[in-house]
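Structural features, examined
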Amino acid sequence: MDRMLVLDFGGQYNQLIARRIRAMKVYAEIKAYNKITPEEIRVAGYKGIVFTGGPNSVYDEKSPHFDKAVLTLDIPILGICYGHQLLGYLAGGIITPAESGSEYGATELFVEDNPLFEGIPQRSSCFMSHTDGVKTLPEGFCAIAHTKNCSVAAMCDEKRKLYGVQFHPEVTHTEYGQALLHNFVFGICHCNPDWVMDDFIEQSIAKYQKELAGKRVLLALSGGVDSSVAAVLLHRAIGKNLTCVFIDHGLLRKNEGDMVEKTLGHALGVNMIRVNAKEQFLGALKGVVEPEEKRKIIGREFVRAFERVGDEIGQMDFLAQGTIYPDVIESGKGDSAVIKSHHNVGGLPDSMTFSGVVEPLRDLFKDEVREVGERLGIPKQLTQRQPFPGPGLAVRIVGEITEQKIALLQEADAIFREELEDAGVRPSQYFAVLTDTKSVGVMGDHRTYGYLLALRAVSTDDFMTAEWTRIPYEILERASNRITNEVRGITRVVYDITSKPPATVEFE
Ligand code: XMP
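Residues numbered from 1 in each chain as written. Predicted model: local features only at pLDDT ≥ 70, side-chain atom pairs only at ≥ 80, totals over all residues. Heavy atoms only, no water.

All told, the structure shown has 11 aromatic pairs when counted by the stated rule. With 5.2 Å between their ring centres and 90° between their planes, tyrosine 59 and tyrosine 89 make a pair best called edge-to-face. In this pair, tyrosine 59 is assigned in the loop between strand S3 (48-51) and strand S4 (77-80) and tyrosine 89 in helix H3 (residues 82-90), connecting sequence segments 30 residues apart. Relative accessible area serves as the criterion here: at 45%, tyrosine 59 is assigned to the partly exposed category. Judged by its relative accessible area of 30%, tyrosine 89 is partly exposed. (Phe/Tyr/Trp six-rings, centres within 6.5 Å; stacked < 30°, edge-to-face > 60°. Helix = DSSP H or I, 4+ residues; strand = E, 2+ residues; numbered from the N terminus. Buried < 20%, exposed > 50% of the residue type's maximum accessible area, 1.4 Å probe, protein only.)

In terms of nonpolar packing, the biggest core is built from 49 residues, with Ile247, Leu251, Leu453, Leu455 and Ile483 touching the most fellow members. Sorting the residues of this core by element identifies strand S13 (242-248), helix H8 (278-285), helix H9 (291-313), helix H13 (403-422), strand S17 (429-443), strand S18 (446-459), helix H14 (473-486) and strand S20 (490-495) as the ones contributing at least two each. Each of domain 2 (197-383) and domain 3 (402-495) accounts for three or more of the residues forming this core. In contact with leucine 251, other than residues within four places in its own chain, are Leu282, Leu285, Ile298, Phe388, Pro391, Gly392, Leu393, Ala394, Ile401 and Ile406. (Core = buried A, V, L, I, M, F, W, Y, C linked by side-chain atoms within 4.5 Å. Domains from an automatic or database assignment. Contact = heavy atoms within 4.5 Å.)

With that settled, consider the sheet that holds strand S15 (residues 318-320). Pairing within the open sheet is parallel, and its five strands lie in the order S14-S13-S12-S15-S16. Strands with a single pairing partner mark the edges of an open sheet, and in this sheet they are strand S14 (272-276) and strand S16 (356-358). Pairwise comparison of adjacent strand axes, ignoring direction, gives a mean angle of 25° for this sheet. One ladder, built from five bridges, connects S13 with S14; its direction is parallel. Note that in S14 the partner of isoleucine 247 across the bridge is valine 275. (Pairing = 2+ DSSP bridges. Axes fitted to C-alpha atoms, helices over the stretch in contact; angles between N-to-C directions.)

Another aspect to go through is the side chain of arginine 370. Checked against the element boundaries, arginine 370 lands in helix H11 (residues 366-375). Although arginine 370 is buried, it forms no salt bridge, and the closest oppositely charged side chain is glutamate 374 at an N-O distance of 6.9 Å. Beyond its immediate stretch of four places on either side in the chain, arginine 370 contacts Val225, Thr383, Gln384 and Arg385. (Lys, Arg positive; Asp, Glu negative; His and termini not counted. Salt bridge = Lys/Arg side-chain N within 4 Å of Asp/Glu carboxyl O.)

Encoded structure:
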């Protein structure tokens, strides 16, 4: 299988570059610039390298650099933004702050005849975001594109197959960005489009059939996309030797527990133990209002619930997890590798020990995980779901949690989601929150007194920051009317217009 390397210098679009290449059915891997050497790149046999953008200036002492031996590997390189400047610098060119100042946003691009621009019109629009630029080209290079303020918007040394573009081809604002990447990957690096999900599935199944033969594997099933897909994939490989434990804490969305059990357990035949632990969790949460306290209690109760199941199922050899690629890639930002911090609920009991961990999805992006899930026969209803926090509705009920409040929230939340989905509006995350404020209302001739419900919807790529979603008023109106009419106990509905930061996505 042909592979491309995305060498990460801390750019915010590094994952996007890899995803764009994978969308062309070529496997792309991201490595932080300080975690791989030219020799390792050579041995790995990558067909091409992309240097990503990054926030630095090549002349800053602390800016990320790379051994210039990479230029002699005879592997094509495409530098993007900072990567373009770094390529120019490593090859002996001069980089300076652009004379006309920073260039940011949509910019008109003029390109020359070049294999990188095959099929791209001479004039198009690109996305620029830079302060520095290539002032003097390195020896052997020539400029192959310009904009009004940037004389070297792209450069190349065709003989050595070294290319640099000052703009960002990976973002959709660059009109022919995908075509440019396509030209690099196929026309210049000569990759074969042989990264196919069906192959991935077959190869994974064959691998685990071999590696896990005769072994017992435990998977803690949250019901979310990743753990569900991991469960079905491993089930295909080892059948009944996989035991999935699904702890239903009673704080899931409306009908969710049943849906997971029906789909995975009944329809797809996954060996699943559903633990109905609502009473245990609600008992432990009784009277608790402090958010962190709630999370801690839920974590602790998960461990307890597992301990009981552990006694029943006996010793397991391996632990399977739904870890995915964005969870494991180390970013090139700064010198210390930053790994996405997880706030998953609890761990497993200390008494449970395993001789190894199995992570069948650790090479895949989320959209690829969804595709694998669908190819494995998991319905879209499950694979296309939005993220849901481990502590569930506990962090969406402000104040004390009671059964009555859970029921109110489940109903209202289901209505809001249904209205959005029916209208074809799919923010990154959208849900309802039950506040602990009560307010007066009027229905017919009667005065009512009930809860204030907040609706929340955010748009984001990574959930580290998020914007509140501009939902059309008509949808909000329909949701509000239905909720106040159909859910007795809610008298008022508000829409949260706070982004993250300063707010978090969840209320607690
Ligand atoms: P916040 O509220 O931190 O949420 O802005 C960011 C994203 O993380 C999810 N989230 C959690 N996921 N366990 C999880 O598995 C948790 O305890 C947890 N808390 C928040 C949240 O739904 C959003 O997608």
